[in-house]
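Reading the structure
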Amino acid sequence: MRNKYILLEMNQRHEIRADVNMTIKNMGLTEIENMNVKIDTGCPYTSIPILKFGISNAKAQQVKQRDCADNKIKKRNFVWC
């Protein structure tokens, strides 16, 4: 391969999806394999809902509250904080 691009095709619902493998060490999530994520081509990044990682609702709420209290994390008028 001589370029820095990958070819992804839209599905029948006009979405671009990919199966990814990843690790998020600071959350203790390791060996995440074949997680199907939607890639938003209109954004410079792709966000993944935290519950998709298989954590509990209680743990997700803890993470949300921690992030809301952390001034280092940018926030934009989100109602949930």
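Look up: the structure comes first, before these words.
I will try to describe carefully the structure that is included in this document. (Residues numbered from 1 in each chain as written. Predicted model: local features only at pLDDT ≥ 70, side-chain atom pairs only at ≥ 80, totals over all residues. Heavy atoms only, no water.)

Next up on the list: the pattern of salt bridges. Here the structure, examined in full by the defined rule, presents three salt bridges. Put simply, Glu-15 and Arg-13 hold a salt bridge, and the shortest N to O gap is 3.2 Å. Of the charged contacts, one joins Arg-17 and Glu-15 as a salt bridge, the two residues approaching to 3.0 Å between their closest N and O atoms. With a relative accessible area of 29%, Arg-17 lands in the partly exposed category. Put simply, Arg-13, Glu-15 and Arg-17 are held in one network by salt bridges that share partners. (Salt bridge = Lys/Arg side-chain N within 4 Å of Asp/Glu carboxyl O. Buried < 20%, exposed > 50% of the residue type's maximum accessible area, 1.4 Å probe, protein only.)

Here Met-27 lies in the loop between strand E1 (17-24) and strand E2 (29-38). Separated by 36 residues in the primary sequence, Met-27 and Val-63 place their C-alpha atoms 9.1 Å from one another. In contact with Met-27, not counting residues within four places along its chain, are Ile-50 and Val-63. (Helix = DSSP H or I, 4+ residues; strand = E, 2+ residues; numbered from the N terminus. Contact = heavy atoms within 4.5 Å.)

Following the sequence through the fold, Gly-54 ends up in the loop between E2 and helix H1 (57-69). Separated by 38 residues in the primary sequence, Gly-54 and Ile-16 place their C-alpha atoms 22 Å from one another.

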